[in-house]
Amino acid sequence: MRKVKVGYQLDFRNPPGSTLSFRDLYRESLAQAEAAEQLGFDSIWLTEHHFTDDGYLPALMPAAAAIAARTTRVTIGTYVLLAPFYHPLKLAEDAAFVDVVSGGRLRLGIGLGYRAEEFEGFGVPRAQRLGRTLETIEILKLAWSGERFSFDGRYFKFRDVRVLPRPVTEPHPELLWGAGAAKAIRRAAELDLSFACVGGRREIGIYLEALKAAGKDPARYSIANSRVVYVADSEEQAWRDTRDALMYQAELYGLWLSAAAGTTDQSKVLIRPDPDRLRRTSVLGTASEVAAKLEEVLASTPMTELVVVMQLPGLDPAKARRSLDRFGAEVLPRLK
């Protein structure tokens, strides 16, 4: 099996009707982050949304700081931070703090956002999302230099400001571009950013082609790609454990993605509530079955980092933890 780095993703979601308190879910999720480091994972990844009924993680930097305080080795990434909803100087300060506290372990995956509810809630016109994000990236790099700077953009204007402390990471924390559409993926190469892939083999191929067309060495960049993974006594048991959570997640993403595309037809979106497709695309089964399926994924998808999604929304954390422990003991050594 091709060797890759392996990360673990958390989103702290607690669907309506859950008997689990947010306090307990947060405690269990942070315990999983600690366990992932002990088991040999390379990274922990956090994902973000706002104004949802399940409390989808809305506070990336506080969560990253909490994980930094509980770990010593894993890198801590955002997959992805929705840049249009942040003031860039405040983001620069918060991210620098996390990077310093963690000893230089922060990685910032950045995306544009797409849900109308979020843009309306924050009072940001959706049409401004690209421009705001591009200016934010430019401002972050200037701010993280530790020197005074001024900026005169379309959306942000600063005069003689300075952000301290500087990040520990030189010259700054790794930046990854999160995208799924071809034009947006090519922009990652243009911006000289690593890639937080929303998709799979096709999308990674577009990114690699764009890097090569720009004369850039792909070996210099990270390509993170996520998969739902669950280890149980059998593939059937894994599906029974995860089915409701997978369907809940897919129903929400199907609604969000189709609405963003201006359609009610979910058949064209990447994530949709199709149980047969979900069962086929998720990596479920015994440890040996999961390892064999991941071997096929890695053979066809040239990622540098596999991000494992195991704590699904509504899944009993005890079941996710059992799967995590089995994955760490029986599958992870084959990947690294």
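For the structure, check the block above.
What counts, and at which threshold
Going along each chain's sequence as written, the residues are numbered from 1 onward. Residues qualify for local features only when their pLDDT is at least 70, as the model is predicted, and side-chain atom pairs are given and counted only at 80 or more; totals for whole chains, interfaces and linings, by contrast, use all residues. Values shown for side chains rest on all heavy atoms present in the structure; no hydrogens or waters enter the calculation. The angle between two axes is taken between their N-to-C directions and runs from 0 to 180 degrees, where each axis is a line fitted to C-alpha atoms and a helix contributes only its stretch in contact. Secondary structure counts use DSSP, requiring at least four H or I residues in a row for a helix and at least two E residues in a row for a strand, with both numbered from the N terminus. If an angle is under 35 degrees, it is roughly parallel; if it is over 145, roughly antiparallel; if it lies from 65 to 115, roughly perpendicular; otherwise it is oblique. By convention, the crossing between two helices is left-handed when the near helix turns anticlockwise from the far helix through less than a right angle, and right-handed when the turn is clockwise. Whether two residues are in contact is decided by their heavy atoms, any of which lying within 4.5 Å being enough. In this count, Pro and Cys sit with the nonpolar residues alongside Ala, Val, Leu, Ile, Met, Phe, Trp and Tyr, while Asp, Glu, Lys and Arg are called charged and the others, Gly among them, polar. Each Phe, Tyr or Trp ring, with Trp reduced to its six-membered ring, pairs with another whose centre is within 6.5 Å; inter-plane angles below 30 degrees give stacked pairs, above 60 give edge-to-face pairs, and intermediate values give tilted ones. Partly exposed residues are those whose accessible area sits between 20% and 50% of the maximum for their type, while under 20% is buried and over 50% is exposed, using a 1.4 Å probe and protein chains only. Over a ring means this: the NZ of a Lys or the CZ of an Arg is within 6 Å of the ring centre and within 35 degrees of the ring normal. Should DSSP find at least two bridges between two strands, the strands are taken to pair. Crossovers are described as right-handed under a simple rule: with the strands pointing away from the observer, the path leading from the first strand over the helix to the second runs clockwise.

**Considerations on the packing of helix H10 (residues 287–300) against helix H11 (residues 317–335)**
Link 1 in the chain: At a closest axis distance of 10 Å, the pairing of H10 and H11 adopts a crossing angle of 30°. Relative to H11, the element H10 is oriented roughly parallel. The two elements H10 and H11 meet at a crossing, and its hand is right-handed. Each of Ala287, Val290, Ala291, Leu294, Glu295 and Leu298 in H10 lies in contact with H11, whose residues at this interface are Phe327, Glu330, Val331, Arg334 and Leu335.
Link 2 in the chain: In terms of residue class, the contact of H10 with H11 is made up of eight nonpolar, no polar and three charged.

**Some details on the side chain of threonine 136**
Link 1 in the chain: Mapping threonine 136 onto the fold places it in helix H5 (residues 129–143).
Link 2 in the chain: Sequence-distant contacts of threonine 136, defined by excluding residues within four places in its chain, comprise Ala83, Pro88, Leu91 and Phe156.

**Focus: the packing of aromatic side chains**
Link 1 in the chain: Taken as a whole, this structure holds 13 aromatic pairs when the rule is applied.
Link 2 in the chain: A centroid spacing of 4.9 Å and a plane angle of 65° characterise the contact between phenylalanine 85 and phenylalanine 119, whose relative ring orientation is edge-to-face. Taken together, the residues phenylalanine 85 in the loop between strand S3 (75–82) and helix H3 (88–101) and phenylalanine 119 in helix H4 (residues 116–122) connect sequence positions 34 residues apart. The pair formed by phenylalanine 85 and phenylalanine 119 is uniform in burial state, with each residue classed as buried.
Link 3 in the chain: When the centroid spacing of 4.9 Å and the interplanar angle of 25° are considered together, the rings of phenylalanine 85 and phenylalanine 122 count as stacked. Highlighted residues: phenylalanine 85 in the loop between S3 and H3 and phenylalanine 122 in helix H4, separated in sequence by 37 residues.
Link 4 in the chain: Judged by relative accessible area, which is 12%, phenylalanine 85 ranks as buried.
Link 5 in the chain: Ring pairing ties together the aromatic residues Phe51, Phe85, Phe119 and Phe122, which thus form one cluster.
Link 6 in the chain: It is arginine 115 that lies over the ring of tryptophan 256; its NZ or CZ is 4.2 Å from the centre.

**Considerations on the pairing of strand S9 (residues 223–231)**
The side chains of a regular strand alternate between both faces of the sheet.
Link 1 in the chain: For S9, the buried fraction is high: eight of the nine residues fall into the buried class.
Link 2 in the chain: Pairing geometry for strand S8 (residues 194–197) and S9, over three bridges, is parallel. Paired with phenylalanine 195 across the two strands is isoleucine 223, which belongs to S9.
Link 3 in the chain: Strand direction decides the pairing type here: S9 and strand S11 (residues 305–309), joined by five bridges, are parallel.

**Digging into the pairing of strand S4 (residues 106–111)**
Link 1 in the chain: Among the six residues that make up S4, six are buried, leaving the element largely enclosed by the rest of the structure.
Link 2 in the chain: Burial along S4 is two-sided: Leu106, Leu108 and Ile110 facing one way and Arg107, Gly109 and Gly111 facing the other are all buried.
Link 3 in the chain: Bridge analysis of S3 against S4 gives five bridges, and the strand direction is parallel. Along S4, the bridge assignment pairs isoleucine 76 with leucine 106.
Link 4 in the chain: Following the backbone out of S3, through H3 and into the adjacent parallel S4, one traces a crossover that is right-handed.
Link 5 in the chain: In terms of strand pairing, S4 meets strand S7 (residues 174–179) through four bridges, oriented parallel. In the sheet register, arginine 107 faces S7, and the bridge partner there is glutamate 174.

**Quick word on the environment of valine 229**
Link 1 in the chain: Considering the arrangement of structural elements, one finds valine 229 in strand S9.
Link 2 in the chain: With sequence-adjacent residues up to four places away left out, valine 229 is seen in contact with Val283, Val290, Leu294, Val308, Val309, Met310, Ser323 and Phe327.

**Quick notes on unusual backbone geometry**
Link 1 in the chain: In this structure, the amide linkage connecting tyrosine 79 to the following residue, valine 80, adopts the cis form with an omega of 5°.
Link 2 in the chain: Counting through the fold element by element, valine 80 comes out in strand S3.
Link 3 in the chain: Note that the residue after glutamate 170, namely proline 171, is joined by a cis bond; omega there is -5°.
Link 4 in the chain: Along the chain, the position of proline 171 falls in the loop between strand S6 (157–161) and S7.
Link 5 in the chain: Positive phi is not limited to glycine here, since phenylalanine 12 has a value of about 55°.
Link 6 in the chain: With respect to the helices, strands and loops of the structure, phenylalanine 12 is situated in the loop between strand S1 (5–10) and helix H1 (22–39).
Link 7 in the chain: Judged by its relative accessible area of 4%, phenylalanine 12 is buried.
Link 8 in the chain: With phi around 60°, phenylalanine 51 is a residue other than glycine that occupies positive phi space.
Link 9 in the chain: Among the structural elements, phenylalanine 51 can be located in the loop between strand S2 (43–46) and helix H2 (60–70).

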